[in-house]
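Fold and contact review
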Amino acid sequence: MFAAVVRSFENPPRYEEIAAPEPAGDDLVVDVLAAALHPRVRSSADGSHYESTGELPLVPGIDGVGRTADGSLVYFILADTLMGSMAERTVVDPRRCVALPDGVDPVTIAAAMNPAMSSWIALRKRIAFQPGQSVLVLGATGNAGRMAVQIAKHLGAGHVIAAGRDPERLAELEALGADRVVSLGGEPEAVDAELGAAADEASVDVVIDYLWGAATQRAIPAIVTRRSDRGRPLAWIEIGSMAGLELTVPSEWLRAARLQLVGSGQGSVPTREIAAELPALAEHISASDYTIDAVPTPLRDVQSTWTKPNSGERIVFVV
Ligand SMILES: NC(=O)c1ccc[n+]([C@@H]2O[C@H](COP(=O)([O-])OP(=O)(O)OC[C@H]3O[C@@H](n4cnc5c(N)ncnc54)[C@H](OP(=O)(O)O)[C@@H]3O)[C@@H](O)[C@H]2O)c1
């Protein structure tokens, strides 16, 4: 069978013929229909993800949509494995599969589940989120941030602030449910002032953070120091690191306000709990009108597609 194969962390995967995977135990073989190129897939393929073992060769892809031998359409997430989803067939654990209703578009589901899962799991599993609470999405112009705006509203957020850089994608977020947008693209002091004021006026309870690094280094003090009620709990959920992997945390941030820093991702939520959320999330996405800019691309073009600049869309390899 054919698959995308990474043989060096310095080079993009190539479309190659490899041996078909052998299922073990209760595992199922699925014919892959669609597998998306999420940031997490890239970081596994270049060896930079914190779960990377350094082993090669590997077939990239952490999830996808496929058909089992009995003809069922399923969404699956894979365990950490060298046999990913960017292949004609892969092997899945049935406990990490969820049946999809007939008629759903495999490309849309493959594109949407990973970015949607990031905020769904964070709000449902990492904090005691209460309907009516106020949420700020930091990095709202990416695919996960755009989903987070909509999912926060769906889960009952009373007020959602969307903060991001790209002006066109930021402008779309009000129609998707954001009560206020804040541009991160301006002069830093002005951005700090607007972000801090917006967060204070909305008495933000939760920040869903896809940026970290330099962006969060400014955003935390901008918000904490302008907070009228510093004793009000503020849960800051670190989910992505588009603006940097590291942050320096001055002690005063944690003493001068009731700030709680938590993370949400693979490891901080047990896999069985993530798997248990999949049916409800898949059903919700299948039944809703989420828009995601998914670009179906033949898997055979994996090598040339991999290195194209990220223009905001989610590439989905179709087999
Ligand atoms: N922990 C989890 O469960 C989980 C799950 C899914 C994703 N993630 C992580 O979440 C992050 C976002 O994923 P995604 O799917 O949304 O990726 P994406 O669609 O590629 O979007 C990333 C966005 O980040 C923004 N960005 C990059 N650098 C920035 C900076 N310095 N300041 C402000 N914005 C910046 C860009 O927005 P502009 O165009 O506006 O510049 C870009 O659209 C990634 O780090 C990913 O690994 C985590």
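Residues numbered from 1 in each chain as written. Predicted model: local features only at pLDDT ≥ 70, side-chain atom pairs only at ≥ 80, totals over all residues. Heavy atoms only, no water.

**What to know about the overall build of the chain**
Quick note on the threshold: Numbering of helices and strands runs from the N terminus; a helix is a DSSP stretch of H or I covering at least four residues, while a strand is a stretch of E covering at least two. Between the two quantities, the radius of gyration covers C-alpha atoms and the globule rule is 2.2 Å times the number of residues to the power 0.38. Each residue's exposure class comes from its accessible area (1.4 Å probe, protein chains only) as a fraction of the maximum for that residue type: buried when under 20%, exposed when over 50%, partly exposed otherwise. We call two residues contacting when some pair of their heavy atoms lies within 4.5 Å.
What the chain contains, in helices and strands, is nine helices and 15 strands. Over its C-alpha atoms the chain spans a radius of gyration of 20 Å, differing by no more than 12% from the 20 Å that the globule rule assigns to 319 residues. Here the C-alpha coordinates of the chain stretch approximately 60 × 40 × 35 Å along the principal axes. Here the chain holds 319 residues, and the buried ones make up 49% of them. Across the chain, the fraction of contacts at a sequence separation of at least 24, relative to all contacts at a separation of at least 6, is 72%.

**Examining the packing of helix 5 (residues 188-201) against helix 6 (residues 213-224)**
The line we're drawing: An axis is simply a line fitted to the C-alpha atoms; with a helix, the fit covers only the stretch in contact. Between two such axes, the angle follows the N-to-C directions and lies from 0 to 180 degrees. When an angle is under 35 degrees it counts as roughly parallel; over 145 it counts as roughly antiparallel; between 65 and 115 it counts as roughly perpendicular; any other value is oblique. Handedness of a crossing follows from how the near helix is turned relative to the far one, being left-handed for an anticlockwise turn of less than a right angle and right-handed for a clockwise one. Three categories are distinguished: nonpolar for Ala, Val, Leu, Ile, Met, Phe, Trp, Tyr, Cys and Pro, charged for Asp, Glu, Lys and Arg, and polar for the others, with Gly belonging to the last.
Contact pair helix 5 / helix 6: the axes reach a minimum separation of 8 Å and the direction vectors enclose 50°. One element, helix 5, and the other, helix 6, form an angle in the oblique class. Here the hand of the crossing between helix 5 and helix 6 comes out right-handed. Along the contact surface, helix 5 presents P188, E189, D192, L195, G196 and A199, while helix 6 presents R218, A219, A222 and I223. The class makeup of the residues in the contact of helix 5 with helix 6 is six nonpolar, one polar and three charged.

**Brief notes about the layout of surface pockets**
Worth spelling out the cut-off: Space inside and on the surface of the protein is sampled on a 1 Å grid over the protein atoms alone, with a cavity defined as a set of points where a 1.4 Å probe fits but cannot get out and a pocket as an open set with protein on both sides within 12 Å along at least 5 of 7 lines; lining residues have an atom within 4 Å of a point. Grid points are joined across faces, edges and corners, and a volume is the space filled by probe spheres set on the points.
Looking at the second largest pocket, its volume works out to about 150 Å³. Lining of the second largest pocket is provided by I127, A128, F129, Q133, D205, V206, P233, L234, A235, R258 and Q260. Of the residues contributing to the lining of the second largest pocket, the split by class is seven nonpolar, two polar and two charged.

**A word on helix 3 (residues 143-154)**
To be explicit about the condition: In this scheme, a helix's expected span is set at 1.5 Å multiplied by one less than its residue total.
Spanning 12 residues, helix 3 covers 17 Å between terminal C-alpha atoms, matching the ideal 16 Å at 1.5 Å per step. In terms of burial, helix 3 is a largely internal element, 10 of the 12 residues being buried. Looking only at helix 3, the buried set comprises N143, A144, G145, R146, M147, A148, V149, Q150, I151 and A152. Two residues or fewer past helix 3, G156 is found with a positive phi of approximately 110°.

**What about the pattern of salt bridges?**
Cut-off, in case you're wondering: Salt bridge criterion: a side-chain nitrogen from Lys or Arg within 4 Å of a carboxyl oxygen from Asp or Glu.
With the rule as written, the count across this model stands at 14 salt bridges. We note a salt bridge from R124 to E277, for which the minimum N-O separation is 2.6 Å. Pair noted here: R124 is in helix 2 (residues 106-126) and E277 is in helix 8 (residues 271-287), with a separation of 153 residues, a long-range link. Judged by relative accessible area, which is 42%, R124 ranks as partly exposed. The partner of D166 in a salt bridge is R169, with the nearest N and O atoms 3.6 Å apart. Taking relative accessible area as the criterion, R169 reaches 27% and is therefore assigned partly exposed.

**Re the side chain of H38**
Counting through the fold element by element, H38 comes out in the loop between strand 3 (28-36) and helix 1 (39-45). In this structure, H38 is in contact with I62, D63, A110, A111, N114, P115 and R314, ignoring residues within four places of it in sequence.

**Some points on the environment of R232**
Its location among the elements puts R232 in the loop between helix 6 and strand 12 (234-238). When the C-alpha positions of R232 and V204 are compared, they lie 9.0 Å apart, and in sequence the two are 28 residues distant. Residue contacts for R232: discarding those within four places in its chain leaves S203, D205, R227 and R258.

**Points about the site of the ligand**
Basically, it comes down to this: For this purpose, a residue is taken to be near a molecule or strand whenever a single non-hydrogen atom of the residue falls within 4 Å of it. N or O atoms closer than or at 3.5 Å make up a polar contact, with two conditions inside protein: a donor-capable atom paired with an acceptor-capable one, and, for residues adjacent in sequence, both atoms drawn from side chains. Calculation of accessible area relied on Shrake-Rupley with a 1.4 Å probe; when residues are assessed, cover is drawn exclusively from the protein chains displayed.
Surrounding the ligand, one finds 21 residues, the nearest of these being T141, A144, D166, S264 and R314. Measuring from an oxygen atom of the ligand, one finds a side-chain N or O atom of R165 at 2.8 Å. Interatomic distance of 3.2 Å between a backbone N/O atom of S241 and an oxygen atom of the ligand. A total of 920 Å² of accessible area belongs to the ligand in isolation, and the protein chains cover 82% of it. Broken down by secondary-structure element, the contributors of at least two residues to the shell around the ligand are helix 2 and helix 3. Here the residues of the shell around the ligand sort into seven nonpolar, 10 polar and four charged.

**Considerations on the sheet that holds strand 8 (residues 134-138)**
Two orientations exist for strands paired in a sheet by backbone hydrogen bonds: parallel and antiparallel. Here is the rule: For two strands to be treated as a pair, DSSP must find no fewer than two bridges joining them.
A sheet is described by the order of its strands in space; here six strands give the open sequence 10-9-8-11-12-13, paired in parallel fashion. The sheet terminates laterally at strand 10 (180-183) and strand 13 (259-263), the two strands that pair on one side only. For this sheet the average axis-to-axis angle between neighbouring strands, irrespective of direction, equals 20°. With five bridges connecting them, strand 8 and strand 9 (residues 159-164) associate as parallel partners. What sits directly across from L138, in strand 9, is A163. Lying over the sheet, helix 6 contacts strand 8, strand 11 (206-209), strand 12 and strand 13, oriented at roughly 170° with respect to strand 12.

**What to know about the domain arrangement of the chain**
Let me state the cut-off plainly: Either an automatic procedure or a domain database provided the assignment from which the domain bounds are taken. A quick way to say it: buried area is the sum, across both parts, of accessible area lost when two parts are put together, with a 1.4 Å probe.
Domains assigned within the chain are domain 1 (2-99 + 289-318) and domain 2 (114-263). Computed from C-alpha coordinates alone, the two centres of domain 1 and domain 2 are separated by 30 Å. Taken together, the 12 residues of domain 1 in the interface contact 11 residues of domain 2. Here domain 1 meets domain 2 over a buried area of about 980 Å², counting both sides, of which 53% is carbon and sulfur. Taken as a group, Y290, T291 and I292 account for 50% of the area that domain 1 buries against domain 2, more than any other trio of residues on that side. The tally of links between domain 1 and domain 2 comes to zero salt bridges. Our count for the domain 1 to domain 2 interface comes out at two residue pairs in polar contact (both at pLDDT 80 or more).

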